[in-house]
Amino acid sequence: MSETFAYVNGRLHAEEVDLARIAETVGTPFYCYSTAAIAQRYRRFEAAVAPLGGRICYAVKANSNQAVLATLAGLGAGADVVSEGEARRAVAAGVPPERIVFSGVGKTEAELVYALETGIGQVNIESERDLELLSRLAVAHGRHMPIAIRVNPDVDALTHAKIATGKAENKFGIDIDAAPRVFARAAALPGVEPVAVALHIGSQLTDFTPYEQAFSRVAELVRALRADGIPIRHLDLGGGIGVSYHGGPAPDVAAYAEIVQRTVGDLDCALLFEPGRYLVAEAGVLVGTVIDVKQGATRRFVVADFAMNDLIRPTLYEAYHPILPVIEPLLGATTSVVDVVGPICETGDFLARDRALPPVAPGDLLAVTHAGAYGAVMSSTYNTRPTVPEVLVTGARWAVVRPRPTYDELIGLDRMPDWLAGDSGTR
Ligand SMILES: *Cc1c(COP(=O)(O)O)cnc(C)c1O
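Residues numbered from 1 in each chain as written. Predicted model: local features only at pLDDT ≥ 70, side-chain atom pairs only at ≥ 80, totals over all residues. Heavy atoms only, no water.

## Regarding the sheet that holds strand 1 (residues 5-8)
Inference 1: If you trace the three strands from one edge of the open sheet to the other, you get 1-2-3, paired in antiparallel fashion. Looking at strand neighbours, the two that pair on one side only are strand 1 and strand 3 (17-18), the edges of this open sheet.
Inference 2: The pairing of strand 1 with strand 2 (residues 11-14) spans four bridges and is classified as antiparallel. Bridge pairing in strand 2 places V8 opposite R11. (Pairing = 2+ DSSP bridges. Helix = DSSP H or I, 4+ residues; strand = E, 2+ residues; numbered from the N terminus.)

## Looking at the pairing of strand 9 (residues 145-152)
Inference 1: The buried fraction of strand 9 amounts to seven of the eight residues, a majority that puts the element mostly inside the structure.
Inference 2: As paired strands, strand 8 (residues 122-125) and strand 9 are joined by three bridges and run parallel to one another. Looking across to strand 9, one finds that N124 is bridged to A148.
Inference 3: A crossover connection joins strand 8 to the parallel strand 9 through helix 6 (residues 128-140); in handedness this β-α-β unit is right-handed.
Inference 4: Summarising the sheet, strand 9 and strand 11 (residues 192-198) pair through six bridges and their orientation is parallel. Looking at strand 11, one finds that M145 is bridged to V192.
Inference 5: Pairing geometry for strand 9 and strand 10 (residues 174-175), over two bridges, is parallel. Of the residues in strand 10, the one forming a bridge with N152 is D175. (Buried < 20%, exposed > 50% of the residue type's maximum accessible area, 1.4 Å probe, protein only. Right-handed = clockwise from strand over helix to strand, strands pointing away.)

## Considering a nonpolar patch on the surface
Inference 1: Taken together, the side chains of M416, W419 and L420 define a hydrophobic patch exposed on the protein surface, amounting to about 390 Å² of accessible area.
Inference 2: With respect to the helices, strands and loops of the structure, W419 is situated in the segment after helix 12 (407-411). (Patch = residues over 30% accessible without salt bridge, like charges linked within 9 Å, V, L, I, M, F, W, Y side chains within 5 Å. Areas by Shrake-Rupley, 256 points an atom, 1.4 Å probe, with all protein chains shown as cover. Salt bridge = Lys/Arg side-chain N within 4 Å of Asp/Glu carboxyl O.)

Encoded structure:
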């Protein structure tokens, strides 16, 4: 776990703030992020890639709270976005549009128009349809858009199947063998200028061999494109650098940078990196309260007020997240093996299975750690549970950066059609 979450006087703190104190004020469940942890990961990544001339565009989808975006923008990050909504968040949080890269499969016409009108720095093209459409729109709007073409290098990222994106069978990018033809087409089209090759082979990579294979293939492609007279000046190497959810040694960004240097370092290309998870995963915890401890016929359940709608990674990706009591257990406390579950009506509603936990009782606070990435952003209101709020800490200060909606706000979003509105008909 990040050093910024630690027990101080027997109570788990985020930097200098007692998580139990936040719980008293905000209620549970809530996410809590540490500014210091984000800054530390950012600086570590930057130190590894800056000598290669690399720039960082934070992948907004990992955690898109505007306070997090503003924190990263303040550290110098641009943004990698995959929807107009994310682009708008990044702009609203103070990321200059020219430092935003618009990635993603299946961009709509409205999204491309938004990118053109807002002055987004680069659009990453993932299909020939994207390319033709963007060219037509750019001409119509009198704009000129630098583009990257995202290639699919057909490499197995050796990660969970649901977050592998660089195999030929995945929907992402353009088959690397077809890339020279698509680049030639792009070079001939008005309104767009192909300046970069992009790739992103998957998320939560802990073994970096796939990067080595993928970047080598891209280097070969860049040489071939240049021989065809297409002057590639930039490489967008994507994200995917993993974190250690089990508390082992973190994947080493210096080793990653070394692979980058060895494979594409001699191409004289400006490099762009799009880390998401690496920068924020360890910077967040999800805090909840134990509601019940229940002995089933074969298993023991700790039922808490956080659930799969707040953090879906365990059930969606079979992800492991450490869980700590917010009040430090006594030294040598005996543990028992439990399933930590939420109140949702789904068997998939668990945060941990077969987990050894020290004794817990109703009312105790639990912190699910390493929850800063793909946590709150994937939350939902399933079972009409209010969206989990978010808190950001810096030093001894903290602030609610997304409040919990009230029940009225939550259910008030529905509208009655006139045939159900009843006598008054006022709804
Ligand atoms: C998701 C994504 C990223 C970030 O992935 P992480 O595993 O969070 O680093 C980067 N680039 C693109 C195009 C993505 O879709």
